[in-house]
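What the coordinates show
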Amino acid sequence: MCETCRENPFDRFRLSRRKMLIVAASLLSVKAAGAKEEKRKEKKEEKKEEKKEEKKEEKKETNAPPKPQNVLSPDASLERLLKGNSRYVEGVSLRHDFKHEREALAGGQNPYAAILSCADSRIAPEYAFDSGRGDLFVCRVAGNFATSEVIASMEYAVAVLGVPLILVLGHESCGAVDAAIKSLRDDKALPGHMPSLVDAVAPAVKAVSQQAGDVLGKAIRQNVIDNVGKLSSATPILSAAVEQRKLKVVGGVYGLRDGRVEMMA
Ligand SMILES: [Zn+2]
């Protein structure tokens, strides 16, 4: 019997089975490597998506107003001012968390109203409307009149910060208006740069000078009315915002004794 004939036929089978196992093993390892690669790609894609989402969130945060409660319509803004003034008048002002507000406002501002107030030390808009930091955009000048710089500041407040309301705030016994009345009546110039205040308030004083009664009170109100008109018709930014109903310009007079702001029609 030759060697070949002596060979157990099952040995051949065993040999081919071993080969098959080797082939199968290599196939499996190829498949495993393929799966690994797939997983790696998937993870890479996931990470990419995560980064995209993070960037989106970051962008949202940057664009988000620091005080979402300050995003108001012109009417809601006025309502909030008046409610704040009522609390101030009643002596029940809120406790303001200045530390928290400071941190929230480090990256931006979105005040809910702008105020053109007299510089008089007795008028403090943030107190008078019981508002915190970042709530009111305030321009102050003795006699509360709108210069070019004031108009530019209000344009910034409206166009950039999205302020929906401007309040021109006069007050009782305004020294600037009183000085203008006396200067015009006596034809006597005030010293230093003060004649510029007189010039600015003069139109209101002249408009009421022939009327009977409380000329000072009337001139104060007329001065508020004049400056409401000046701001709401200031082209091109403020007048357009008023036309588009994004902005209201209103006037009020602050009472020194009770702190109440009387709104003018
Ligand atoms: Zn004043």
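Values in this document were obtained by computation on a predicted structure and should not be read as measured data.

**Digging into the overall build of the chain**
When its secondary structure is counted, the chain shows 10 helices and 5 strands. Relative to its full complement of 265 residues, the chain shows a buried share of 33%. Counting contacts in the chain only where the partners sit at least 6 residues apart, residues at least 24 apart contribute 70% of the total. Counting only carbon and sulfur atoms, one obtains 56% of the accessible surface of the chain, whose full area is about 17100 Å².

**What to know about the packing of aromatic side chains**
Under the counting rule described, the total for this entry stands at 2 aromatic pairs. Ring geometry for Y88 against Y254: centres 6.5 Å apart, planes inclined by 35°, an arrangement best described as tilted. Here Y88 is found in helix α3 (residues 74-90), whereas its partner Y254 is found in strand β4 (residues 248-254), with 166 residues between them in sequence. Note on F137 and Y156: the rings are 6.3 Å apart at their centroids and 40° apart in plane angle, and the pair reads as tilted. Taken together, the residues F137 in strand β2 (residues 136-140) and Y156 in helix α6 (residues 148-159) connect sequence positions 19 residues apart.

**Thoughts on the coordination of the zinc ion**
Ideal values for angles at a metal depend on the geometry: 109.5 degrees with four tetrahedral donors, 90 or 180 degrees with six octahedral donors. The protein atoms that coordinate the zinc ion are C118 (SG), H171 (NE2) and C174 (SG), at distances of 2.0 to 2.3 Å. If you list the donors of the zinc ion from N- to C-terminus, the spacing comes out as C-x52-H-x2-C. Pair noted here: C118 is in the loop between β1 (113-117) and α5 (125-128) and C174 is in the loop between β3 (165-171) and α7 (175-186), with a separation of 56 residues, a long-range link. The exposure class assigned to C118 is buried, which follows from its relative accessible area of 4%. Judged by relative accessible area, which is 1%, C174 ranks as buried.

**Side note on the nonpolar core**
With 38 residues, the main nonpolar core has L116, M154, I166, V177, L231 and L238 as its most contacted residues. When residues no more than four places from it in sequence are discounted, the contact partners of L116 are C139, V141, N144, F145, A146, V150, M154, L167, V168, L169 and L231. Membership of the second largest hydrophobic core comes to 15 residues, among which are L78, I123, L165 and L167.

**Here's the deal with α6**
The terminal C-alpha atoms of α6 lie 16 Å apart, and with 12 residues this matches the ideal 16 Å at 1.5 Å per residue to within 8%. The set of residues buried in α6 consists of V150, I151, M154, E155, A157 and V158. When α6 is viewed along its axis, its buried side chains cluster within an angular range of 160° and face the same direction. The exposed set on the far side of α6, more than 90 degrees from its buried face, consists of S148, E149 and A159. The secondary structure elements touched by the buried residues of α6 are β1, β2, β3, α9 (215-232) and α10 (237-243).

**With respect to the sheet that holds strand β5 (residues 261-264)**
Across the sheet, 5 strands lie side by side as β2-β1-β3-β4-β5; this open sheet has mixed pairing. What marks the edges here is a single partner per strand, and that holds for β2 and β5. Between one strand axis and the next, the sheet turns through 25° on average, direction left out of account. In the sheet, β1 pairs with β2 via 5 bridges, with the strands oriented parallel. Within β2, the position partnered with I115 by the bridge is V138. Its contacts with the sheet place α3 against β1, β2, β3, β4 and β5, and it is angled at close to 35° to β3.

**Digging into α7**
The terminal C-alpha atoms of α7 lie 16 Å apart, and with 12 residues this matches the ideal 16 Å at 1.5 Å per residue to within 8%. Every buried residue belonging to α7 is among A176, V177, A180, I181 and S183, and all of these are buried. Immediately beyond the C-terminal end of α7, within one or two residues, lies D187, with a positive phi of roughly 50°.

**Focus on the pattern of salt bridges**
A complete count under the given rule lists 12 salt bridges for this structure. Here the salt bridges share partners, and the residues they tie into one network are K67, R80, E101 and D135.

The rules behind these values
- Residues numbered from 1 in each chain as written.
- Predicted model: local features only at pLDDT ≥ 70, side-chain atom pairs only at ≥ 80, totals over all residues.
- Heavy atoms only, no water.
- Helix = DSSP H or I, 4+ residues; strand = E, 2+ residues; numbered from the N terminus.
- Buried < 20%, exposed > 50% of the residue type's maximum accessible area, 1.4 Å probe, protein only.
- Contact = heavy atoms within 4.5 Å.
- Areas by Shrake-Rupley, 256 points an atom, 1.4 Å probe, with all protein chains shown as cover.
- Phe/Tyr/Trp six-rings, centres within 6.5 Å; stacked < 30°, edge-to-face > 60°.
- Donors = N, O, S within 2.8 Å, 3.2 Å for Na, K, Ca; no water.
- Core = buried A, V, L, I, M, F, W, Y, C linked by side-chain atoms within 4.5 Å.
- Expected span 1.5 Å × (residues − 1).
- Arc of directions from axis to C-beta.
- Pairing = 2+ DSSP bridges.
- Axes fitted to C-alpha atoms, helices over the stretch in contact; angles between N-to-C directions.
- Salt bridge = Lys/Arg side-chain N within 4 Å of Asp/Glu carboxyl O.

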